[in-house]
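Working through the structure, step by step
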Amino acid sequence: DSSHIILTGAAALNKVLGRNVYSSNAQLGGVQIMHNNGVSHLTVRDDFSGVMAMLKWLSYVPKSRASPLPILPSSDSVHRTIDFTPTKAPYDPRSMLAGRAKPGDPSVWESGFFDRDSFSETLQPWAQTVICGRARLGGVAVGVIAVETRSVELIEPADPANPESEAKTVSQAGQVWYPDSAFKTAQAIRDFDRERLPLFIFANWRGFSGGMRDMFDEVLKYGALIVDALRCYHQPCFVYIPPKGELRGGAWVVLDPTINSDAMEMYADNDARGGVLEPEGIVSIKYRAGDILKAVHRLDPVCTNLLADLENKDLSGDDRDALKKKLSEREQAVQPMYQQVASKFADL
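We now turn to the structure provided with this report. Values in this document were obtained by computation on a predicted structure and should not be read as measured data. (Residues numbered from 1 in each chain as written. Predicted model: local features only at pLDDT ≥ 70, side-chain atom pairs only at ≥ 80, totals over all residues. Heavy atoms only, no water.)

So, on to the sheet that holds strand 11 (residues 237-241). Strand order in the open sheet formed by 6 strands is 3-4-5-9-11-13, and the pairing between neighbours is mixed. Two strands lie at the open edges of the sheet, namely strand 3 (120-122) and strand 13 (264-268), each paired on one side alone. Strand-to-strand twist in this sheet, taken as the mean axis angle between neighbours without regard to direction, amounts to 25 degrees. Two elements, strand 3 and strand 4 (residues 130-137), share 3 bridges in a ladder whose sense is antiparallel. For threonine 122, the partnering residue across the bridge sits in strand 4 and is cysteine 132. Packed on one face of the sheet, helix 6 (residues 179-194) meets strand 3, strand 4, strand 5 (140-147) and strand 9 (199-202) and runs near 25 degrees to strand 4. (Pairing = 2+ DSSP bridges. Helix = DSSP H or I, 4+ residues; strand = E, 2+ residues; numbered from the N terminus. Axes fitted to C-alpha atoms, helices over the stretch in contact; angles between N-to-C directions. Contact = heavy atoms within 4.5 Å.)

Formed by 34 residues in total, the largest nonpolar core has its most connected members in Ile145, Trp177, Ile201, Trp205 and Leu255. Contributions of two or more residues to this core are made by strand 4, strand 5, helix 6, strand 9, helix 8 (219-231), strand 11 and helix 9 (249-254). Looking at this core, the element that brings in the most residues is helix 6, giving 5 residues. Among residues more than four places away in sequence, those in contact with tryptophan 205 are Val130, Ile145, Ala146, Val147, Gln175, Val176, Trp177, Glu246, Leu247, Arg248, Ala251 and Leu255. With 15 residues, the next largest nonpolar core counts Phe114, Ala135, Val142 and Phe202 among its residues. (Core = buried A, V, L, I, M, F, W, Y, C linked by side-chain atoms within 4.5 Å. Buried < 20%, exposed > 50% of the residue type's maximum accessible area, 1.4 Å probe, protein only.)

So, to be careful, I would describe these as geometric facts and stop short of saying anything about function.
Structure, rendered in structure tokens:
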């Protein structure tokens, strides 16, 4: 926690700048910088903890390139029931991976997807909309990539050398790939491939961020890096859409199993959803306002009767205007219901 990684020391930089700007090397490359930006995978309290962390990491990796995966005894059967159930509301995906104590009754353990106490997360404070780490399933070491469903905050520190700079806090929505989290995903995939680990990707992305700032920060390039990493993956790769999860937009494109059909397979829970467009997007293209209005005229009995009355050629101008007004009011009243039904149908 008290170490630092730097290129140039604080004293040398102060001389270059001509004033005392930086007070210590930790301010330049301490944990608050090098762990939050993804340079350091883990942080520890002391040297002994560091050695233990390295040994734990090595326990997931084959001892040589030609050696099989390390398999440790496990009390958790691969055929067991997973107690934790994801919800549509935002939740902590680590509970799905590693399990948790039951809320309200800590004495009861809700098991997760992987063996109990086997999940080890790396790069935690960097690009927090993606979670990556290593775990065991039935004692077999695997790589894990999952999605943060909750909103997170990205803090960009101010630079003391620039008096005009200010610290910024940027909110990032869950289930979305941003430039930093897309890069984190691609980097994790390449790391797991070098370690010869099978890979589980818990796909619950709604797509990539497409704002102007994100496009400037090269979100497209980092998304392409995910495709490149998967295309060259040499171990089994399982893409799984968990319960209540969804895979949409460009996220579906970069995780399509045809990218590497020899290694990749895709699975989905019965309660999961997948498709390039979300239901609302499908409706806006395939079932526009005019189509909804035609359905209302065809199916709603009130509108049907009003349309029949309007066909009467003997109506006076005032009566015809009154019927048209009633028809318009009825259309506006029932259209939202038809829109909801269309969205529900598109979600099936």
